Amino acid sequence: MAAPFQFFQQIKEHVGTVAAQQRAAPAFEPVELMCNNRDACHAPPALGFISVLDYAFEYNAGLGPGMTDHWNAIRGHWKLLGPPLRPPTEAVETYHRELDLSEAHVVLLGVTPELAGLGATMMAVDESSDMIAGIWPGDTASRKAVKGDWLDLPVSDASVDAVIGDGCLSVLGLSTARRALFAAIARVLRPDGRAGLRLFAGPETPDDPAAVQALALSGGVSTFHELKLRVAMTATGRAPDHAIPVRTIAERFDALFPDRQELSARTGWDLPVIATIDVYRNSTAIYSFAPPAQLVAEAEAFFNDVRIAPTGGYGLAERCPLLVLRSPKV
Ligand SMILES: C[S@@+](CC[C@H](N)C(=O)[O-])C[C@H]1O[C@@H](n2cnc3c(N)ncnc32)[C@H](O)[C@@H]1O
């Protein structure tokens, strides 16, 4: 498809332009990355900072093929994942309650199996054919999955009752891409359409890593997947992106929890579950964990009615609300 390629080209051009401007006159704050070469992004500050935009430019991160490799690796251990990374029943019920999906023609962003039963009809869109083959519970008379790009949805304008997705904004590492997704959703929704995206939303001020370490070792974190998100949220860069390269999450985890046997003994988490973080190590993807207020502000450029709805009481649910979008601006 030509359009997504053009979009990635535009983002890369944008990234290149901003990065070049920063190098000339660094108006953009340096963020979490400290690189000494293409393969080592954990050097001490003396070796110099690069911004997340530089990282995206250098690695083509979060902008295409690197992302499908990342998801293919995660697919291999999908069954070991759990809440809050995967939506528990109470979160799935929130989509129903907030969006009134029983009669709706729904577009699902991704192939999240827990959401596959929602709506009267559903088309799931995912750029990874391996994720479709490995995770999607299967096409039926009322639902099908297609390979495609969320930023260029294979759907006519104003033709869809509801768009839903789980964690979608966090897997887009740049605020530019988040805004492109809001625009894509606004384009395909009917005037009375609605969208619900469960967020992985960071705090306004990143958490203290030592506090996250102490919380986990004292048994205060519900699942290892909650811990992965908490570790990531200690180390995000500044606004507007609030981004973190996925490999940096693994490095932060290693620094905070060098003894996995001890972590396992203190929490009861199985070592293979803890090892799910190891696929982050070679990833070129970028995640982002913008706070709810920023995501609401970004969405309000494309929707007249934007609200946040709680999704239950599971571990870290307070940072995983549903962003509900209505009344697209056209
Ligand atoms: C729905 S998201 C998040 C899933 C889950 N909640 C988590 O955090 O692990 C994961 C899916 O998004 C897909 N994906 C990411 N960016 C995409 C894009 N721009 N277009 C289409 N699919 C995309 C990936 O291939 C993957 O299957």
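Residues numbered from 1 in each chain as written. Predicted model: local features only at pLDDT ≥ 70, side-chain atom pairs only at ≥ 80, totals over all residues. Heavy atoms only, no water.

Engineer: Would you mind showing me how to read the sheet that holds strand β2 (residues 121–126) here?
Structural biologist: By definition, the strands of a sheet pair up through backbone hydrogen bonds, in either a parallel or an antiparallel sense. If you trace the seven strands from one edge of the open sheet to the other, you get β3-β2-β1-β4-β5-β9-β8, paired in mixed fashion. The open sheet has two edge strands with one neighbour each: β3 (143–147) and β8 (303–309). The average angle at which neighbouring strand axes cross in this sheet is 20°, direction not considered. For β2 and β3, the ladder comprises five bridges, and the chain directions are parallel. Across the sheet, residue Met122 finds its bridge partner in β3, namely Arg143. Across the sheet, helix α4 (residues 89–99) is in contact with β4 (160–166), β5 (189–198), β8 and β9 (322–328); its angle to β9 comes to roughly 25°. Against the sheet, helix α7 (residues 175–188) engages β1 (105–109), β4, β5, β8 and β9, with an angle of about 140° to β5. (Pairing = 2+ DSSP bridges. Helix = DSSP H or I, 4+ residues; strand = E, 2+ residues; numbered from the N terminus. Axes fitted to C-alpha atoms, helices over the stretch in contact; angles between N-to-C directions. Contact = heavy atoms within 4.5 Å.)

Engineer: Sorry if this is basic, but what is going on with the packing of aromatic side chains here?
Structural biologist: In this description, an aromatic ring pair is defined by two values, namely the gap between the centres and the angle between the planes. One pass over the structure, following the stated rule, counts seven aromatic pairs. Where Phe224 meets Trp269, the ring centres are 5.9 Å apart and the plane angle is 65°; that geometry is what we call edge-to-face. Of this pair, Phe224 sits in helix α9 (residues 224–233) while Trp269 sits in the loop between α11 (260–267) and α12 (271–274), placing them 45 residues apart in sequence. By the burial criterion, Phe224 is buried, and Trp269 matches it. Grouping aromatic residues by their ring pairs yields a cluster made of Trp71, Tyr280, Tyr287 and Phe289. Just above the ring of Trp136 sits the side chain of Arg143; from NZ or CZ to the centre is 5.5 Å. (Phe/Tyr/Trp six-rings, centres within 6.5 Å; stacked < 30°, edge-to-face > 60°. Buried < 20%, exposed > 50% of the residue type's maximum accessible area, 1.4 Å probe, protein only. Lys NZ or Arg CZ within 6 Å of the ring centre and 35° of its normal.)

Engineer: Mind showing me how you'd approach the pattern of salt bridges here?
Structural biologist: Oppositely charged side chains are able to pair whenever their charged atoms sit close together. This model, assessed by the stated rule, comprises 14 salt bridges. One salt bridge in this structure joins Arg307 and Glu98, with 2.3 Å as the shortest N-O distance. Pair noted here: Arg307 is in strand β8 and Glu98 is in helix α4, with a separation of 209 residues, a long-range link. Taking the shortest distance from any N to any O, the salt bridge between Arg281 and Asp278 comes out at 2.5 Å. (Salt bridge = Lys/Arg side-chain N within 4 Å of Asp/Glu carboxyl O.)

Engineer: Help me understand the environment of Arg179 in this model?
Structural biologist: Note on placement: Arg179 falls in helix α7. In this structure Arg179 comes out as partly exposed when scored by relative accessible area, which is 34%. Taking C-alpha positions, Arg179 is 6.6 Å from Glu298, a pair spaced 119 residues apart along the chain.

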